[in-house]
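Coordinate analysis (summary)
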Amino acid sequence: MKTELQIPSDLKFLSIVENWFMGILQVELGNRVDWPSLSNRLRLVLVEAYSNVVRHAHRDQPNLPILIRLELKERDIALEIWDYGQGFDPSSYEAPNPGDLQENGYGWLIIHRLMDRVEYRLQVNGRNCLELQVSLAK
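Residues numbered from 1 in each chain as written. Predicted model: local features only at pLDDT ≥ 70, side-chain atom pairs only at ≥ 80, totals over all residues. Heavy atoms only, no water.

Judged by pairing direction, the sheet is antiparallel, and its five strands sit side by side in the order β1-β2-β3-β5-β4 without closing on themselves. Each end of this open sheet is capped by a strand with a single partner; those strands are β1 (2–8) and β4 (117–124). Across the sheet, the axes of successive neighbouring strands diverge by a mean angle of 15°, strand direction being ignored. Examined bridge by bridge, β1 and strand β2 (residues 65–73) share seven bridges and lie antiparallel to one another. Looking across to β2, one finds that I7 is bridged to I66. Packing of helix α2 (residues 35–57) onto the sheet brings it into contact with β1, β2, β3 (76–83) and β5 (127–135), and relative to β3 it is tilted by some 10°. (Pairing = 2+ DSSP bridges. Helix = DSSP H or I, 4+ residues; strand = E, 2+ residues; numbered from the N terminus. Axes fitted to C-alpha atoms, helices over the stretch in contact; angles between N-to-C directions. Contact = heavy atoms within 4.5 Å.)

Counting 36 residues, the largest nonpolar core has F21, L25, L29 and I77 as its most contacted members. Breaking this core down by element, the ones donating at least two residues are β1, α1 (14–29), α2, β2, β3, α3 (106–114), β4 and β5. A per-element tally of this core places α2 first, with nine residues. For L29, the residues in contact, after removing those within four places along its chain, are W35, L38, L72, I77 and L136. (Core = buried A, V, L, I, M, F, W, Y, C linked by side-chain atoms within 4.5 Å. Buried < 20%, exposed > 50% of the residue type's maximum accessible area, 1.4 Å probe, protein only.)

Following this line, the structure appears as structure tokens:
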């Protein structure tokens, strides 16, 4: 099953993004998974990824669309989030120090901890793509 959503870069649309994503997964996966645990995990990843695009990649440009693609493959969930921002170099990311009272920088860490595969591609046909995958076979 494949589907996609194109939505403006504005946090006021976050609940629409969440409802679309979580609704599709719940309908498609039904009772085959531990839904409470999986839904909390995936909701957090989606919120972090979408809000990072809005706040960083498309900063102050709500007219730029965000494309979100969802694919369910056998026992895997694949999610792609496409943006038109400048992008960033993941190799320059430094994880926050747990002892510091740092406000930002946790999203990338959370995404990496909760997903099985994270890949970020800069400037593919003028857009950036964050690819996320999690296996349901655990």
